[in-house]
Each structure stands twice: as structure tokens, then as C-alpha cells.
Amino acid sequence: MNLGDLWTWERRKLGCRIRAETQNPALDEIRERLGNMTGTGTLSDKPLPDMAGKKGLVAQDTAPLICNNGESAMALSMASLMAYQRDANPKAISRTRKNIYKKFFQVPRSPPAKVMLDLQKDRLRLPLSSVVHQSWELKKGSMRSRHGFQHAAKRQTKPHSLDETTRPPDRKCVNGTTDSKEQVFPPYSGDLFMTRGVYMGGIIYQSRLGDLAGSDAHRRNVLNHEAPSLKQKRVTDPRCSQREAQAKLSHLAQSNSAPKMQEAKLHCANSLAIWSTYSENAVRLSEEGAISAIIVLSKDECAEVRRASATAFKNMSYHSELCRQMVKKSAVPTISELGVAGKEFVVSRDCALALVNLTSMDGIEAKLVEDGIVIALMSIMNQHEELAELCSRGLFNLTCVDQPYIYMERVIKAFVSLASSTIAVVKHVCAAAFCNLSDMKTIRSRIVEEGVIQVVGVLARGAEAKTRRVCAIVLHSIASTRACRVDMVSKGAVQVLYALSSDVDTVTLHYVASAIIRLTIEQQNLPRLVHEGGVTALCNICLRCPREDSTTQLCASALNLLSRQAIGRQAIVQEGCVPALVTLLHEASDSSTLRHGLSAVTNVLIDEINHGQLLGQGGIAAVINLCSHECSQIRESCAQALFNFSRGKAARERGVSASAIPAIIALSKLPEPRTRMRCAATLCKLASVEANVSLMVEEGVVPAFIDMMQTRDPDVVKHCCAALCRLAHEGSSAVTIAEGAVPHVIAGCGEAFDAATRQSCCAVLSAVSAHESCCRPLSAMGTLEALIALVEDRTTDNTTRLRCAVAFANLSNEPTIQGDMVAGGIVPVIGELSNSYCENNQLYCARTLCNLGHHRGSEGAIVKQGGVASLMMICMVRSVSHFTKQVCAKALSNLLCVSSETESWLLRLANEGLVQAVSVLSRLPEEETMSICASIFCFMSACGPLGRSLLIDRTSTLKDVFGLMRASNKATLVTCGKAACNLVGHADSQPAAIRAGVVLVLKTLSGLGDPIAETAAADSYFLITGDSYSRREMIELDVLPVLIKNARSLSTATQTSCCRVLMNLAWEPSARVPLLNANIMSMLVDVVEQTCGSKPVDGDNCRSLSTQNENFMIQHLVLRVFTYMSFMSKEHRVLMVHNDLIPTLELLYSTLNLSDSPNQSSCARRLTAVSIRSLAAVTGAQNKLVNDGIGRLLCDIIGAESENSADPGTQEHCARAIYSIAREKHLNAALVDQGILKTMPILGKFSDCYAITASILHVLCLDASLRELIAVDLPVRNVLVQLFEAPEDPHASSTVQSCAQTFLLLSRCTARAREELTSAGLVPLLIRMSRHRDEKVATSCSEALKSLSSEGSSGIEEGTVLTLISMSLSGSGTTDCSVPDASLLTVIPEHPIVEGDYRPSDELTSKCMADCLPHTISITKVLGGSAGGGPPPPEPPDMDINDNPNLPVPKLTELLEEEHNIGASMMFAKMTTEALGLCILPKC
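Residues numbered from 1 in each chain as written. Predicted model: local features only at pLDDT ≥ 70, side-chain atom pairs only at ≥ 80, totals over all residues. Heavy atoms only, no water.

**Remarks on the overall build of the protein**
To be explicit about the condition: Strands are runs of DSSP state E lasting at least two residues, helices are runs of H or I lasting at least four, and both sets are numbered from the N terminus onward. Each residue gets one of three labels from its accessible area relative to the maximum for its type: buried under 20%, exposed over 50%, partly exposed in between, using a 1.4 Å probe on protein chains only.
For the protein, the count of helices and strands is 89 helices and zero strands. Counting only residues that meet the buried cut, the protein has 52% of its 1484 residues in that class.

Here is the structure:
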């Protein structure tokens, strides 16, 4: 870079010299001037103490300077600085001024806080021994540097020879005052604690004393002279003595590393762990330093010592006295480090228990958090998921406080990160913790900032009911603070409340509603409440608890507030809140809820677009029911709501229920004028609906109109007159019109009359034809001919043509004249009339064709005249109304029903387009339409190969068939399911049905609750389980839970079919895990209990025998499912065992073993044995197996097998199962108690079990408590002797080694047992086998032959603990462990399970498809119905009323509490570890 050319270095060099000892030239200059002034020379030229290991220290750390004239060093320094400032000579420039940038740094008197925190963390990670070692080395270095400094000072004051300079300085010279330089620089007496020294590990330094080899008396004098106050603090401060004791113990532990020392440490730790179990030892352990000792031992390198230390920590934490000492002695960091750094689960568990027990103490939460307990518990939880519940309890205890403490943010952040746990208990603990936090008002804003809203959403998702309730309380508590509401909504609180609103717990719903109403009060929250599900949440709450007054008041008030805004009204309708409001109005009993609910309905009815929703969902009916309420305010609100509703078109188009008219009539009698006006207008609009006219007349609406007209109010009178005009078309006079006026009306339809007359006449005919009693007279008078003439006249207007269609539909609805109409050629006329895009016209034509098809014998004529083509045009081209298309579907169904030649007739209709039309119609959402189409498809699928081929020719048709399973009507689903079963039951249509989604259809069919349908679906599943694609579809579409559910059916046929399907699925490895996830184990348990518990019915032997055989079949299938599921991976087998499998398996085995068929009994034993063997091979399942009595079941199987066929494979499975469990030593006693020793002589008879039997006995003998029992058991002893020299042993080496080890262990029993062994003739056998060629066998036999020629208390005396610690750390104590370990077990030969040997038999995996009979249904002809009176009369006059109701919103202060009065919603107390299975203390 050519720096030499670009930069002139000589001119930029600093004029000052920076000394490495001080690194501060300004201080060096001051010291130089001070030395010149005092006459002691240039101090800067004197050597300074060695600063090695003292980074950050400067010369200011030396002893204070004292001058001859008595001035202090500070006074001299100030004088020199003043003189330096007064120096004006420009030539004498200070060397420090030559530093043009003046860049210096001042070394702090102590390291920054960040450095101290990092140092503290490093100490936590390092063993204490290394810290003490570093401190000791640093101490020695400091001693050397001080010592060198004193030598240098003496060399400058008095010359010495070379030999003299190497001697230690004289104490008198150091302490004397004769030398002037000694007066300036008094002798250095060493640093003390807190005097700017570096003291690693908290050890007090005395290393810089002048005489390192001096006496203790001299050191005490120096301490008394230099720092008496510090000495007093050191003597009185217990922490100093504690640190000295720890340092001493650590140094002793580090210096002695002999094996005996290690054994002594282990003995010490184990003893402390045992003694701390008893509460009477707590005080003694606390007084004699047990906690300090165990802290030191916990940092030992030996894993066993650390494990025992962890146990001691755990046991001590159960005693309050020891807990206080542990906190006082800062044991929390040590326990945290031990638990986090420990790789063993036991160590981490014990440390976690200790930490959790510490958190249960009150008043020390801040101290625990400061010591790092939060990080420790989180780390342990991350390392061991099994301890998640325990650690979360500890963290929860830190939140059980009345006021926040300084380090609470750590706890909050820990729970925020912990909320993502998938463990239900942990999630509940997190929710409870947030509940405690939210009860503290001062930190509510803080926890919202930390993301508690999102965390609550995570906790509530998929959680238990109690957890969701706590989440709701948390949100309620936070929402009680006004300052938090906006932030809550911005952070997604509305979405969380929406998720919680689906709960069934009324308390949860109450708090959700309370939170929502508080959020609704803030206007700026309204958009997000609408768009994020707040309205839907209110709807859910109203529907779930409509009778909880406190909750319904909140919901109704919130909906009332929302309905005041346009966006709120729109949300109430679109989000489905209308049913909620209706529910409130129907079931609420308090007037407040009703007033708020009616106000909301009234506001929603302001927008006409909402009328249809309210009418269709029962909102108007609810208002009508409240019209008779005793409260006048509620009745006035009802009148206002009905008035708003009547202003729209929905009231005229759809009508109102029969109770509306009397209610409105009653409301019209209220004295308020505007209420009467609204009632009159409402009745006028209702009269425009033809269906309401007769009802209005019957209810006496005319007198009501007369009464209202007497008010002489202009608006009231106008609407009353319009309503009376509509009542003139009342139908009670239709018979009179038909009898006397019809002939003249028919004449008026002729060409001689003008268009208006003809239109009126046609209207009369259509109106009269709406009455069934008038149809036959009209037909007899020639009405059909007159109407046909009007249709054929091209000048006829559309309204008249529409009325003709109405008349045709009404007349065809009469069965007696249907045949005459077809014979008269009405079908082509209908086809011509349908050539219009008027929807009503299409409907009336479709009704006519449907009614005509109802007549039997006219089907051929209708098809010949083009009836099918007309129907296809209406339903597929012209009509858009679903109801019209439904009528077309009915018409096609009527044409399909013929008495004979079904296949030929079906082919003829298919050529006309029947299949395409029905396929299109099946896509409609109406239930009745889907039911009709399903019947047609099922009829076609049962019509042989022709019908099935018509359905599978097009994939879209087949999908439309299966698409009908979306229906909610059970009969429709069954019909469609039958069609699917017909397709699956035949080889020509099965592949197409599978590819089109028949699996999902069968799933729906299986869940209908119909035993016949369930059996048919299961049989169909059985037919397709052999197809891999079908199995994959069944798994992906969650068919397995449905099959499992149906397997519990009370129908034996359904049970058998479902179990057969599940057995075939369990045989496939890919389906086993999904089956286990679908909770098949619980189903199998239920089925076994159901079938094994059934008893034969007396008096019906044949039926009883049949039921018993069916139960045996079901039980055999279940046993095979058990067996196949046991072939899964180890973790899945553990899950199986923990589902209480063994008692069920035992019941199943005992039932099947009683079968009269020997083959069935043998198969049951074999399957049970292989299942148990597979399950017993998993370590995590062995405890549960033994607790469930697996030993007894194995004994039964072995005994039963020996009494019958004695299958060697079954016995080997049992033997290997016993061996797998016996390897866990703690289970051996339970196995022996369950009688496992009785099976040894039986297993010893089979050559394949020789080695296994010997290994089992060897493992059992490893337990000293069982040896004598085995030694005195004659059959077991004999089988051991036989196995020792068993002939034709395929694994003789393993057998002999195990027997030798067993005899070695038995030879160490009691004298009585050894006598039994000697008397049994074991000595000659051992003599022979001691010369065996296998060295292990010979050695074991020799040791056994030699053997054939022992505690703790609950109380300890004073001083025992202290003596134990002293002896352990000084190298005393030995241990002896000569008992063989399990690792010395002989390896037995492997013989894995071959799954193919247990393949299902042919009769369980195949079924003849030719035996499948078609599922058929009967199709009944139906009428299309009449068309009514035709087009309505003229519309009533428009309502010229400028009245926009704006009811005031009721005050909410009666519903909401004041914020300052809202206390804690729920406060959880601290949790202990007694509820967990980890807190049991070991007993001696």
C-alpha cells in the first residue's frame, strides 16, 4: 500500500511514552512532578509491580502516598496540576499535550455490569474446582508481583550486594520509619476484600503481604492496621466463611483423586441422599453443612456422585428448613447447572423436582428468578419432554404473587415460549399462569405487548374445557382495562374469542361475551370485530346458553351496539347471527335481554336486504311471539319491528305465519297513534299475499280495519282501504263463482271480446281453478278448450298465457281428469306454452307434466307426445328455479315407473336423455330433489348390467351419483348408499366406482346409525380392502374411525363385518399406525367385553348356539387384530399396552380357549403368545404389562399348551416374552409372585427353550431376594440341573453359561439354601463342570463350588454428617460390589417373528362377489301439485311514510362493572409435586 510514501511517520510520532504498566501518560507525568517536588526522584523511572493477571488495574491501585511535611498525595497532586496550568512557557510543552487527539481512557474501578454478568454465567458453566484452581494461581501470581515491588523499592533506598538483593526484604525495614522514602511510600501490607483487587471466586486475598512466610500474628496485625472495618465485616459476614469452606472443600476434593476417594464421595452423597429423606434429620443436616457438602459433590466428575447429589437435592427440597438453607447458600445455580448439564434423565428429573419444590415457597420468587431458575427449568423441559408438566408447574409457581417483581418479565417470556407445547397439562398450566398474571392490573399492558393474546389463542386451540375457560378469563381480565382494548383487537383478540365461543362450557362463554362487549364499546374496534369473527362469536354464545341471564344480557347488548352501524347490521345477517337473536327472543326471560334483542332486530330490519334472512330464519316469528308480552315497551318494540319488515318485499312474497295477523291486530289496539299506523300498513302489505287473505278474514281483520279507520288519521285510513281491496279476492266465494259465473267467463274468452276482457276472464278461471272442488265442474263446462284456444292465439299477452298455465296445472292436479287431458292432446300445448323464460310459466308447465305422469297407463303417450323433451328443456335450459327443477325430477320419476319390461323401457328413456337430465338435477341442493334423483339412480343400479353401464359410462354421471351423499336426509343417503353398494358388488362396475370416490360414500353410509346400512357399507369395504388404492383412500378419508365406531354396534352382523374389515386392514403394515391413531385399541376392548360377556338365552338353544358362534368369530377377528397390531414399531406398541390391552387380551384368550374346536383354541394360544412376545420386547411397556398381570396370562398359556398340542412355537414365544420382561430387574419379584417359576419345568422340556429358560433363571437370580426362593424350589432346581447337561441342545453354549452363572449366584444364598443345593447333589455336577472347556463356565462353577465348602436407620446422632463428610473427602471408606451385573448375561440366540406365518385364512380374506344381491327400492308416483290462484292482484299503494326509527341504545352501565371495582377473576394457588409420580421419596 506504500504507506511509507503516503505518510510521514516521523512527524506523526507521539512525544509521550506510554508505559505498559499504567497505560496512562498523563498520570505518569503527574507522578514524575510529584516525585520531583517531594525529593524522592522520578517515580516513573521506578519499577512498578507486575501487573500480570491484573488487567484493567492502573497505578492508582497502589498504597496511598504520604509526604514528609504531612501533606497527602491528593494535596500534592492538586498542587502539581495547578502549577502545570500556570506554566506559560511555550518551549516547555507537556509531553501529554503532544498527543494531538487527546485520546485516553479511564480504567473503571470495577468491571462493567455486563462483564460481571458474563463472568457469573461462565462460573455457572465451569466446575467449582477449576474456578478455585484459577483463583489459587492468580493469588500466587499476585504474591509474586507484590513481593517483587517491595524488593525494587528497597534497592532504590539502600544499596545491596547481589546476594543481598536476592534475599527476602527485612520486616523491620518494611515496617520502620527511618528511611525518607519509606515515609513517602509506606510498606505495602496487602489487599483485602473490596479494595480494588481481583478476587476470582470470592476468595479474600492476603497474597501481597511483605512476608509470605510470616506468622499468622503478623498477618492479623496488618489486617488490624490497614482495614479493621473490613476485617469486622469479614468476621461477621457468613458468606465469607461459606466461600472459604467451599474453597477448602473443593481444593481437598481436587487434590485427592484416588479411586478410594471417589468411592468415599459416592458413599457420602448416597448417605446424604438417604438421610435427607427423613424430616427429623433436616435440622441436623442444615447445621452440620450438608448443603455445602452436596454442592461440592454435585460438581464432581463422577456421574454416580452427581446422580446421588441430584437425589440429595431433591430430598432436601421437601423440607422447608433445608429449602431456606439452599436458597441462602445460593444452591439454585448449582442445581440448575447440574440439571441442565446432566445427560441422565434421573439427574434432570431430581434437579427439576428440587427446583419446583423451591418455587413452592413464598416470598423468594424474585431471588429464584434472579438465580436463573427460569432458564434452568426451560432447558430441562427442552431436554426431557417427560418433565414438561413438572417444569411448567415450577414456572407457574413463580406467577403466584400479589404484586409483580423486578424479574417477572423472564417468567412472562418463558410462558410465551412454552405455550406452543402440545401437552394438555402444560397448556393448562400456561393458561393458569397467564390468568394469574392478568389479575395484576399493573402488568396487563405489558403482557399484551409480550404477545399474550396470540399465546392465549394457541393455548385455546384444541385444549381441554378447563384450559379454554381459563383462556377466556384471561381475555376478560385484560379487556377490563380500557387502555388495553385497542391493543387487544390489533393483536388478534377477536379471533381468539371467536375460537373460544364454540365451547360448551357456560362459564367460558360468559367470559367471552364479557370480553366482547367491552371491546365493542370502543368504536375503532368495530371493523375488526366484524371481519374477524366477533359477531359470529356472539352468535355461538347465544345459541349455546340462551337462558343464562347474565350472559344473554351481554350478548344482546353487544348485538344492539353493532346493529347501530351499517357494517354491523350487515355482519349480523351475513355471519348467521339471526338464529342467535331468534333464540334469545324465544328463550330469554329477562326484559333487559328482550329489549336489547328487539332493538337489534329493529335496527337490522332498517335495511330491506335483510328482511328475507330474518323471515326465513324465524326472526319475524320471534317478534310475533313477543307481541303478547306483558311489558308495554316490548310490545311497542315489536310493532316497530313488524312495521320495518312490512316495508320490504319479503313480507308480500313469502308471507308470515298464522300467528302474525292476530298479533298485529292486538297491537293495533295500542293508544299510541304511530303504533296504529304501523299496524295498518303492515296488515295492508300482508293482505297482498293470497295465503293470508282467508286467514285475515277468519281472524276478524275487517273489524280491526274499521276500528283503525275511526281514528281519521290520513295514513291509517289509506292503508286500511288498500287492505280491504285486497280482501275482495278472498276465496270463500270461489264455489259460487264456479257454479254461476264460469259459463259466462268462458264465453268472454272468445275472440268477440277485447284483450282486457279476455285477460280478466282468464284471471277468473285461473283463480277459480285453484280450488279443488271447482276443477271437475270447470272441466265439464269446457274450460280446457277455451284455455287451449287462448294459448294458440298469437295475440294473447304473456300475463294471460301465464294464467292459462296456472289453470292447466290446477286442473291436472285432479286425478279424475288427467287421462282426459292426455287424450285431448294437452302435452304438445304445454310444450308450446313452456317456450318462455318466465320462471312461473316454467313451474306451472312442469307441474302439469308431473301431474299428467302420475296417471298410470299414460306414460307411453306422454313420451310419444314429447313430454320428456319438454321436461329436459325446462330443467336444463329455461328454468333457473330449483323448485321448478325439482318438479321436473318428480315428473321423470313418474315416467320411470312402469309395470313390465323395465329394461326396454329404461333403454327408451335413456335414449330420450333421462340419465343426463337426472345427473344435472342431482346437483341441486334441495333435499327433496336429491332424494328423487337418488331413487332414480338406485333403481337404475338394480336393473342389471344395463342400468349399471348407463351409470358408469360417464365419469361425471358416477360422480353426480356419489355427490348425493352431501344430503342431510337419512333416507336419501341410504338410497344413494345402496346404489354405491350395487356398483361395488359387481366386478364390471367396481373399478369405476372406486376411482369415482365410492370410499367416501361408504363412509357416510356407515355413519348413519342404520344397522342395515352399516352392514352393507362394511361388506362393501370388505370387497375393496384388497385394493391398495382403496386402502389408501380409506386411511386418507378417515374411514377407520367410522369402522371402529360401528364395530361396537349392537348388531352382530355389523360387528362381524366391521371386525373383518379391520382385521384385513390390520394385516397391511401401512394401515396399522392409522388404526392405532384412530383409537382401535379402545374399540377392541369394548368389543371383547361385549362379546365375552354375552350369555346364552334360556329356552332358545338354536339361537343361543348361533349367537355363540358369531361371538367366537368376532373374538377370533379381534384377536387377529391384536396380533397384527403388535407387529408395529416399539413406540406404537407402548401406546397399545397403555390402553389396558392385557386384561382384555386375557379375557379374550380365556374365552377362545374354551372353544370346542381344538384348532381354534390352539390358534388362540399361538396368536396370544406371539402378541405378548412382541409387546414384551419393548422396554417402555414392561412395567404396565407386569402390573396388568402378564405373568399369570403367560402361565395359563404355557400350562394350557402343555396339556394339549404343546406347540413348540407357542412355548418359545412365551419363553422369550418372559425373558424380555425378566431383564428388567425391578420386575422380577412381580413375575415370581405371578407364578412364573411354575412354567420353568414346562419350558425346560423344549429344546428351543433350553437357552431361554436358563437365561430367565439367571436373570431372576440376579435379584438377591429371589435366590433362596429359587434354590429351595425343587422343580426349578431340577430343571437347572437338567439344562446343565441337556442333550441335543441347539444352543448348548448359551444354556451352560447361563446355568453356571445361576449356580454361582445361588451358592451365595443363606446357609439353608446352600444346604438344599448340596443335598440336591449339585457339588459333583459343579466338580465336573469346573473342568469345562469354556473358561467362563469353568470359572463360575469353581466359584460356586468354593461357596458351597449384612443397613441404615431413620435417625442419626449429632456430628455424624460432619464426620462422614470429613472422612469421605480425606480418602476414607471403601466399597465392594462383587455381585454380577445384568451386563454379564449370556446372549441367547435370536429367532425373530415371521409375520407371514400369521396370515389370515382364505375364508377371512375373500368373498364371492356373485353372491351380492342388489339393493332395491320402490319408486312411488307423486303429484306435482296445483299452481294456486295465478298472478297476484295489483300491488297495494306504496307506503309514503318517512319514518326511520332510531331507538336510543340502552345504557350499559347496568351490565358492565366499573373498572376500579373489577378484582381478580380467578387466582390459582401454587402447585406442588405431590400430584406427579416423580415426587416419591426413597425409603431405606
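**Thoughts on the packing of aromatic side chains**
Quick note on the threshold: Stacked, edge-to-face and tilted are the three classes for Phe, Tyr and Trp ring pairs, Trp counted by its six-membered ring, which pair at centre distances within 6.5 Å; planes under 30 degrees apart are stacked, over 60 edge-to-face, the rest tilted. Think of it as a cone above the ring: NZ of Lys or CZ of Arg counts as a charge over the ring if it is within 6 Å of the ring centre and within 35 degrees of the ring normal.
A complete count under the given rule lists three aromatic pairs for this structure. Seen in terms of ring centroids, Phe415 and Phe434 are 6.1 Å apart; in terms of plane orientation they differ by 65°. Their pairing is edge-to-face. Of the two residues, Phe415 is situated in helix α23 (residues 408–418) and Phe434 in helix α24 (residues 424–438); the sequence distance between them amounts to 19 residues. On the basis of relative accessible area, Phe434 is assigned to the buried category, the value being 0%. Seen from their ring centres, Phe1127 and Tyr1398 are 6.1 Å apart, and the 50° between their planes marks the pair as tilted. Judged by relative accessible area, which is 4%, Tyr1398 ranks as buried. One cation-aromatic arrangement involves Arg995 over Tyr1029; the distance from NZ or CZ to the ring centre is 4.5 Å. The ring of Phe1022 carries Arg1060 above its face, with NZ or CZ at 4.4 Å from the centroid.

**Side note on the pattern of salt bridges**
The condition is simple: Whenever Lys or Arg places a side-chain nitrogen within 4 Å of a carboxyl oxygen from Asp or Glu, that contact is recorded as a salt bridge.
Under the counting rule described, the total for this entry stands at 30 salt bridges. A salt bridge links Asp505 to Arg469; the shortest N-O distance between them is 2.6 Å. You can see Asp505 sitting in the loop between α29 (493–500) and α30 (506–521) and its partner Arg469 sitting in helix α27 (residues 465–479), a full 36 residues away along the chain.

**Topic: a nonpolar patch on the surface**
Our working rule: Patch construction takes residues with relative accessible area above 30% that form no salt bridge. Like charges are linked within 9 Å, and nonpolar side chains (Val, Leu, Ile, Met, Phe, Trp, Tyr) are linked within 5 Å. Shrake-Rupley sampling with a 1.4 Å probe provides the accessible areas, and residues are treated as covered by the protein chains on show and by no other component.
The grouping of Tyr837, Met873, Met876 and Val877 at the surface amounts to a nonpolar patch, some 400 Å² of accessible area in total. Structurally, Tyr837 can be placed in the loop between α53 (826–833) and α54 (839–853). Residue class for Tyr837 comes out exposed when judged on its relative accessible area of 64%.

**Considering helix α21 (residues 373–383)**
Formally: Here, residues are in contact when the closest pair of their heavy atoms is within 4.5 Å.
Considered for burial, the residues of α21 that qualify are Ile373, Val374, Ala376, Leu377, Met378, Ile380 and Met381. Taken together, the buried residues of α21 touch α18 (331–341), α19 (345–359), α20 (365–370), α22 (388–397) and α23.

**Regarding the nonpolar core**
Defined as follows: Residue types Ala, Val, Leu, Ile, Met, Phe, Trp, Tyr and Cys, when buried and joined through side-chain atoms within 4.5 Å, form a set referred to as a nonpolar core.
By size, the foremost hydrophobic cluster in this structure holds 218 residues, and its most contacted members are Phe808, Phe962, Ile1080, Met1125, Leu1260 and Phe1284. The greatest single-element share of this core, amounting to nine residues, is contributed by helix α72 (residues 1101–1125). Not counting the four nearest positions on each side in its chain, Leu1260 is found in contact with Ala1222, Asn1228, Val1232, Ile1236, Leu1237, Leu1266 and Ile1270. If you look at the next biggest cluster of nonpolar residues, it comprises 175 residues, including Leu285, Ile541, Cys555 and Val604.

**What about the side chain of Ser1220?**
On the secondary structure map, Ser1220 appears in helix α78 (residues 1208–1222). Residue contacts for Ser1220: discarding those within four places in its chain leaves Ala1176, Ala1177 and Gln1182.

**Thoughts on the packing of α27 against α30**
Put simply, the rule reads: Angles here are taken between N-to-C directions and fall from 0 to 180 degrees, while the axes themselves are lines fitted to C-alpha atoms, restricted in helices to the stretch in contact. Throughout, the term roughly parallel applies to angles under 35 degrees, roughly antiparallel to angles over 145, roughly perpendicular to angles from 65 to 115, and oblique to all others. Should the near helix be turned anticlockwise from the far one by less than a right angle, the crossing is termed left-handed; should it be turned clockwise, right-handed. Any residue that is not Ala, Val, Leu, Ile, Met, Phe, Trp, Tyr, Cys, Pro, Asp, Glu, Lys or Arg is counted as polar, Gly included; the first ten are nonpolar and the last four charged.
The geometry of α27 relative to α30 is characterised by a closest axis approach of 8 Å and an angle of 25° between their N-to-C directions. Accordingly, the angle class assigned to the pair α27 and α30 is roughly parallel. Once α27 is placed against α30, the crossing between them reads as left-handed. Here Ala465, Arg468, Arg469, Ala472, Ile473, Leu475, His476 and Ala479 of α27 come into contact with α30, specifically with Val507, Thr508, Tyr511, Val512, Ser514, Ala515, Arg518 and Leu519. Of the residues that constitute the contact of α27 with α30, the class distribution is 10 nonpolar, three polar and three charged.

**Side note on helix α28 (residues 482–490)**
Defined as follows: What the arc measures is the spread of directions leading from the helix axis to the C-beta atoms.
Taken together, the buried positions of α28 are Cys484, Arg485, Met488 and Val489. The buried side chains of α28 occupy one side of the element, clustering within an arc of 130° when seen end-on. In the segment just after α28, Gly492 is the residue with positive phi, at about 95°.

**Some thoughts on the packing of helix α77 (residues 1190–1203) against α78**
Where α77 meets α78, the axes come as close as 10 Å, and the angle between the chain directions of the two elements is 155°. The angle between α77 and α78 falls in the class roughly antiparallel. Classified by chirality, the crossing of α78 by α77 is left-handed. Of the residues in α78, those in contact with Ile1190, Leu1194, Ile1197, Ile1198, Glu1201 and Ser1202 of α77 are Thr1210, Gln1211, Cys1214, Ala1217, Ile1218 and Ile1221. Here the contact of α77 with α78 is composed, by residue class, of eight nonpolar, three polar and one charged.

**Quick notes on the environment of Leu1145**
When you line up the elements, Leu1145 lands in helix α74 (residues 1141–1152). Between the C-alpha atoms of Leu1145 and Phe1122, which are 23 residues apart in sequence, the distance is 8.2 Å. In contact with Leu1145, other than residues within four places in its own chain, are Leu1119, Phe1122, Thr1168, Ser1171 and Ile1172.

**Description of the confidence of the model for the protein**
Operational definition: What pLDDT reports is the predictor's confidence in each residue, on a scale of 0 through 100.
Summary statistics for the protein give a mean pLDDT of 74 and a share of 71% for residues scoring 70 or more. In this model, residues 1370–1383 is a region of pLDDT below 50 whose contacts with residues beyond four sequence positions or in other chains number 23 contacts. Below pLDDT 50 for its whole length, residues 1478–1484 participates in 22 contacts with residues either more than four positions away or in separate chains.

**Some details on unusual backbone geometry**
Positive phi is not limited to glycine here, since Ser330 has a value of about 55°. With respect to the helices and strands, Ser330 occurs in the loop between α17 (320–328) and α18. Phi at Asn1079 is positive, roughly 65°, even though this residue is not glycine. Looking at where Asn1079 falls in the secondary structure, it is placed in the loop between α70 (1072–1077) and α71 (1080–1092). Asn1079 gets classed as partly exposed once you look at its relative accessible area, which sits at 39%.

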